[in-house]
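# Analysis of the macromolecular model
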Amino acid sequence: MTPSLKAADTAAILLDIEGTITPIAFVHEMLFPYARERVRQFLSSHHNSTEVMADIATLHREHHADLLQNLEPPSLFEQTREEEIDSITAYVHWLIDRDRKSTGLKSLQGKIWKEGYADGTLKASLFDDVAPALRRWQRANLRIGIFSSGSVLAQQLLLAHTNAGDLTDLIDAYFDTTTGPKTAVESYRNIAAALGIPARSILFVSDVVGELDAAGAAEMQTLLSVRPGNQPPPAQQNHQIVEDFDGL
């Protein structure tokens, strides 16, 4: 049974992406491999770009933090441009293998995916009920936001190139890990403040219980997304389940 929204209690809907509006397989079997295969070529072609240099600087800082935590990441070398590119590529692969929510990684991936969306290689697969629901919520004057570990650029690109067309005109706000970790209560308070809406009037939908726990602690409404391809929900969890957006 699909839960129903109470118009008086809900002013905004905040959505996760992976496992909520897109199948997990699209991210793990299409997007991640696409970026992984093209990291070195992309860095070689755009090494002098100001934005890419900023990503590389962020990756160096994250690498230093990994060393301090004795996580044994691949070494970084800066003696020559080729050595730096090779070592950054190895570190990016190491982060991808661990599904790390790295700000530097996510920013770099977004730039690589931008090229794939532009040339038509990539097209985002949304669940069939997502686009109609977004339009329905917009007609109901609900604010619609996205909160994903992928960069804001990656979110915007995905929504602009979907199997249902360009849906970016339906989204009011995007939030990524620069807002804070998705399992941190303060992140959801920051989002509520940015939207100018009391947290209790925002519904957050995600397939990750830890994220929903944090949102609930910030007083947001929550729904656990249980979609085809998602992990079965834990036996012990405190969130109502939604299997699709029809009727929501």
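Thresholds applied
Residues numbered from 1 in each chain as written. Predicted model: local features only at pLDDT ≥ 70, side-chain atom pairs only at ≥ 80, totals over all residues. Heavy atoms only, no water. Axes fitted to C-alpha atoms, helices over the stretch in contact; angles between N-to-C directions. Helix = DSSP H or I, 4+ residues; strand = E, 2+ residues; numbered from the N terminus. Left-handed = near helix turned anticlockwise from the far one by under 90°. Contact = heavy atoms within 4.5 Å. Nonpolar A, V, L, I, M, F, W, Y, C, P; charged D, E, K, R; others polar. Buried < 20%, exposed > 50% of the residue type's maximum accessible area, 1.4 Å probe, protein only. Pairing = 2+ DSSP bridges. Right-handed = clockwise from strand over helix to strand, strands pointing away. Phe/Tyr/Trp six-rings, centres within 6.5 Å; stacked < 30°, edge-to-face > 60°. Lys NZ or Arg CZ within 6 Å of the ring centre and 35° of its normal.

## Some details on the packing of helix H2 (residues 50-68) against helix H3 (residues 81-97)
For the pair H2 and H3, interaxial distance at closest approach is 11 Å and the crossing angle is 60°. Remark: the crossing between H2 and H3 carries left-handed chirality. Contact residues: H2 offers Ile56, Leu59, His60, Glu62, His63 and Asp66, while H3 offers Glu84, Ile88, Tyr91, Val92, Trp94 and Leu95. In the contact of H2 with H3, the residues fall into 7 nonpolar, 2 polar and 3 charged.

## What to know about the pairing of strand E2 (residues 143-147)
Most of E2 sits inside the fold, with 4 of its 5 residues counted as buried. Summarising the sheet, E2 and strand E3 (residues 173-175) pair through 3 bridges and their orientation is parallel. Bridged to Ile146 within E3 is Tyr174. A crossover connection joins E2 to the parallel E3 through helix H6 (residues 152-160); in handedness this β-α-β unit is right-handed.

## Some details on the packing of aromatic side chains
Applying the stated criterion across every chain, the model contains 5 aromatic pairs. Here the aromatic rings of Phe32 and Trp113 are separated by 6.5 Å at their centres, their planes lie at 10°, and the arrangement is stacked. Highlighted residues: Phe32 in helix H1 (residues 24-46) and Trp113 in helix H4 (residues 103-118), separated in sequence by 81 residues. Comparing Phe32 with Trp113, the two get one shared label, buried. Relative to Tyr188, the ring of Phe147 lies with its centre 5.4 Å away and its plane at 80°, an arrangement referred to as edge-to-face. Placement of the pair is Phe147 in strand E2 and Tyr188 in helix H7 (residues 185-195), with a sequence separation of 41 residues. By relative accessible area, which is 0% here, Phe147 ends up buried. On the basis of relative accessible area, Tyr188 is assigned to the buried category, the value being 0%. Chaining the aromatic ring pairs together yields one cluster made of Phe147, Tyr188 and Phe204. Stacked on the ring of Phe147, the Lys or Arg Lys182 has its end atom at 5.5 Å from the ring centre.

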